[in-house]
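Here is how the chains run, residue by residue.
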Amino acid sequence: EVQLVESGGGSVQAGGSLRLSCTASGFSFPDFDMGWYRQVPGDDCELVATASGDGSTYYTDSGKGRFTISRDNAKNTVYLQMNGLKAGDTAVYYCAADRMSGRDLRLFRVVVCRGTNELYWGQGSQVTVSP
């Protein structure tokens, strides 16, 4: 029933930009925190940014300064604008939604991408940054 469908991934040269989109269905989108995680093969799943239902945002060191998370509740969509991309940003990026309304997604900094069942997950988007 619940679906998070991502788009916008791809390959880009260092210094370039990409915008990821995640469109949700099957739940009351404005009531739930949304976020973006990323994972490099062999590494931990790491939180990049979150956006609460009212639009307040949070960034970890991975996203601070170069990335911007936003959401459009009328479109049930959350975005991640990524500027000044570096080779170290190469990863699979996952959209996630908290399964409990009113809970802060920042509680979930240590997760398994697509495996932590307290969250809903998108399918993942490959972002590759070449030098």
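The present account deals with the structure reproduced in this document. In this text the structure is predicted, and so the values were computed from the model without any measurement.

Considerations on the state of the cysteines
Then, number 1: Applying the stated criterion across every chain, the model contains two disulfides.
Then, number 2: The disulfide bridge from C45 ends at C113, spanning 1.9 Å between sulfur atoms. When the S-S torsion is 80°, as for the bridge of C45 with C113, the disulfide is right-handed. One end of the pair, C45, is in the loop between β4 (34–39) and β5 (46–51); the other, C113, is in the loop between β9 (91–98) and β10 (119–121), with 68 residues separating them in the sequence.
Then, number 3: Taking relative accessible area as the criterion, C45 reaches 5% and is therefore assigned buried.
Then, number 4: Counting only the cysteines that form disulfides, in the order they appear in the chain, gives the pairing 1-3, 2-4.

Looking at the side chain of D98
Then, number 1: Structurally, D98 can be placed in strand β9.
Then, number 2: For D98, the side chain forms a polar contact with the side chain of R103, separated by 2.6 Å.

Brief notes about the packing of aromatic side chains
Geometry of an aromatic ring pair is reported as the spacing of the ring centres plus the angle between the planes.
Then, number 1: The final tally for this structure, using the stated rule, is five aromatic pairs.
Then, number 2: Look at F27 and Y120: their rings are 5.9 Å apart centre to centre, the planes differ by 20°, and that puts the pair in the stacked class. On the criterion of sequence distance, the pair formed by F27 in the loop between β3 (18–25) and β4 and Y120 in strand β10 is long-range, its members being 93 residues apart.
Then, number 3: Centre to centre, the rings of Y94 and W121 are 6.3 Å apart; their planes meet at 90°, and the pair counts as edge-to-face. In this pair, Y94 is assigned in strand β9 and W121 in strand β10, connecting sequence segments 27 residues apart.

With respect to the sheet that holds strand β1 (residues 3–7)
Then, number 1: The antiparallel open sheet is built from four strands, whose spatial order is β1-β3-β8-β7. Either end of the sheet is taken by a strand with one partner, and the two such strands are β1 and β7 (67–72). Neighbour-to-neighbour, the strand axes of the sheet open up by a mean angle of 15°, direction not taken into account.
Then, number 2: In the sheet, β1 pairs with β3 via five bridges, with the strands oriented antiparallel. Looking across to β3, one finds that E6 is bridged to C22.

About the thresholds
- Counting starts from 1 at the beginning of each chain's written sequence and moves along it residue by residue.
- It should be noted that, the model being predicted, local features are given only for residues of pLDDT at least 70 and side-chain atom pairs only at 80 or more, the latter also being counted only at that level, while totals for whole chains, interfaces and linings use all residues.
- With hydrogens and water stripped out, all remaining heavy atoms of the structure feed into the side-chain values.
- Any pair of cysteine sulfurs within 2.5 Å is marked as a disulfide.
- Working definition: helices are DSSP H or I runs of at least four residues, strands are E runs of at least two. Numbering for both runs from the N terminus.
- Accessibility here uses a 1.4 Å probe with only protein chains present; expressed as a share of the type maximum, an area under 20% marks a residue as buried, one over 50% as exposed, and anything in between as partly exposed.
- Side-chain atoms alone can form a polar contact between residues adjacent in sequence; in general such a contact is a pair of N or O atoms within 3.5 Å, and within protein one must be able to donate a hydrogen while the other accepts it.
- Each pair of aromatic rings taken from Phe, Tyr and Trp, with Trp reduced to its six-membered ring, is defined by centres within 6.5 Å and is described as stacked if the planes are under 30 degrees apart, edge-to-face if over 60, and tilted in the remaining cases.
- Paired strands, in this sense, are two strands between which DSSP finds at least two bridges.
- For helices, the axis comes from a line fit to the C-alpha atoms of the stretch in contact; other axes are also lines fit to C-alpha atoms, and the angle between any two N-to-C directions lies between 0 and 180 degrees.

Take it as geometry only, folks, not as evidence of what the structure does.
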